[in-house]
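Analysis of the macromolecular model
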Protein chains: 2
Amino acid sequence: MKLFTYFRSSAAYRVRIALRLKGLEPEAHAVALDGAQHAEDFRAINPQSLVPALMLDDGTVLTQSLAIMEYLDETWPEPPFLPAGREDRAKVRALAQMVACEIHPLNNTRVRNYLTDTLHLDGATSQAWYAHWIRTGFEAIEQLIGADGYCHGDRVTLADICLVPQVYNARRFEVDLADFPRIRAVEATCGALEAFAAAHPDRQPDAPATA
Amino acid sequence: MKLFTYFRSSAAYRVRIALRLKGLEPEAHAVALDGAQHAEDFRAINPQSLVPALMLDDGTVLTQSLAIMEYLDETWPEPPFLPAGREDRAKVRALAQMVACEIHPLNNTRVRNYLTDTLHLDGATSQAWYAHWIRTGFEAIEQLIGADGYCHGDRVTLADICLVPQVYNARRFEVDLADFPRIRAVEATCGALEAFAAAHPDRQPDAPATA
């Protein structure tokens, strides 16, 4: 397998965590979201010009982080990303989707570029947009998750895998997280696990060296 | 079961189709996305103030349309929303997510309200925003789906259930669909099925009477 990734992409970060949790370490190909994603060779792999994309050994390309993670979970069932009960599974998927369908799509690179390059918004207005959607989503998530360092129950699920990269992003954009103690507990507990730590943007080969 | 819905909500439209396909007709409660979604009584049901929400007979509330549809598919397996093979399942889920995680989140009511009320964008600029994200997403989907009136294979999947409401929305906002013949074929083929027709916004009790 080959993973097309970018160190800062929140969706790629999710899939890096998921792969590590399953004990998989596919060859990583960095696709810088600075224009390289629109190059012909990558568009041939993913017409959406988005990372992550996972190329299987037979050349099949899987896209969309949630779809890739469901595939990984169906193919390598241990450790499971979803609980056993159907209602619990729905709740965990919903939490994952509150990040992946409600927060992240409004704040990713292509949207921030549109705000700046097409709408010509100033930095403060873009920042307010960013913080608004983070807060709106985190307020709902905070009410729905547990207080013990996991979104649901006492083990890592798809919800934690989506939430931790979103928290990293929120911190990068200096959003105040004081009102979200449960979310910060997930960040602390899950973020400390080796699979999460190894998937962190700062630890990727394509991350710039820190001073 | 009770479904909290709004006739024009694209995410609620998906779940209405899904319920009909499974032969289920829960009691419908309309939540107008004109402010009613922020009322205390609905926030107690869904802290996100979003529709759809599905209340099960034991009072459990499921949210997020994709999570609800996976729950329906796990609970009432026929007809299946996903193909049998793992790679095919991943491809169908990815198509569904290209709508639910890449297009719809940028164009739903709360985002359009933010563009107008907070950013004070004029109508033409909001319309250009709307059309930009539709086109970006539809260009990728058009390359990945089949030409026979279904997104994947020869039967309805989760991808069609997500795509048809997005096409309805695109038409409502007068986005030109000439470049998307495969997407229009899905609209024609799937849209004509009784489950899709019965779920159409115009056929909901909370839709305004047409002149």
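All values reported here derive from a predicted model rather than from experimental measurement.

So, on to the pattern of salt bridges. Here the structure, examined in full by the defined rule, presents 22 salt bridges over all chains. Between glutamate 74 of chain A and arginine 93 of chain B there is a salt bridge, and its shortest N-O distance comes to 3.1 Å. With glutamate 74 of chain A in helix α3 (residues 65–75) and arginine 93 of chain B in helix α4 (residues 86–107), this pair bridges two chains. On the basis of relative accessible area, arginine 93 of chain B is assigned to the buried category, the value being 2%. Here arginine 93 of chain B and glutamate 70 of chain B are joined by a salt bridge, their closest N and O atoms 2.7 Å apart. With a gap of 23 residues between them, arginine 93 of chain B in helix α4 and glutamate 70 of chain B in helix α3 (residues 65–75) connect regions that are remote in the sequence. Note on accessibility: arginine 93 of chain B and glutamate 70 of chain B belong to one class, buried. One salt-bridge network, held together by shared partners, links Glu70, Glu74, Arg89 and Arg93 of chain A together with Glu70, Glu74, Arg89 and Arg93 of chain B.

Here we come to the UniProt feature "domain: GST N-terminal" (unreviewed entry) in chain A. What UniProt calls "domain: GST N-terminal" (unreviewed entry) maps, in this numbering, to residues 1–80 of chain A. The straight-line gap between the two end C-alpha atoms of residues 1–80 of chain A is 20 Å; of that span, 36% is helix and 18% is strand.

Residues and elements named next belong to chain A. The strand order across the open sheet built from four strands is β2-β1-β3-β4, with neighbouring strands paired in mixed fashion. Because the sheet does not close on itself, it has two edges, and the strands there are β2 (27–30) and β4 (61–63). Neighbour-to-neighbour, the strand axes of this sheet turn through a mean angle of 20 degrees, independent of strand direction. Sheet analysis places strand β1 (residues 2–5) next to β2, joined by four bridges and oriented parallel. Bridge pairing in β2 links threonine 5 to alanine 30. Of the strands in this sheet, β3 (53–55) and β4 are in contact with α3, which crosses β4 at around 120 degrees.

What follows concerns the UniProt feature "domain: GST C-terminal" (unreviewed entry) in chain A. Per the UniProt record, "domain: GST C-terminal" (unreviewed entry) is annotated on residues 85–209 of chain A. Here residues 85–209 of chain A is 69% helix and 0% strand, with 44 Å between the C-alpha atoms at its ends.

Rules behind the numbers
- Residues numbered from 1 in each chain as written.
- Chains lettered and ligands numbered in written order.
- Predicted model: local features only at pLDDT ≥ 70, side-chain atom pairs only at ≥ 80, totals over all residues.
- Heavy atoms only, no water.
- Salt bridge = Lys/Arg side-chain N within 4 Å of Asp/Glu carboxyl O.
- Helix = DSSP H or I, 4+ residues; strand = E, 2+ residues; numbered from the N terminus.
- Buried < 20%, exposed > 50% of the residue type's maximum accessible area, 1.4 Å probe, protein only.
- UniProt positions renumbered as here; feature names shortened; annotations may be inferred.
- Pairing = 2+ DSSP bridges.
- Axes fitted to C-alpha atoms, helices over the stretch in contact; angles between N-to-C directions.
- Contact = heavy atoms within 4.5 Å.

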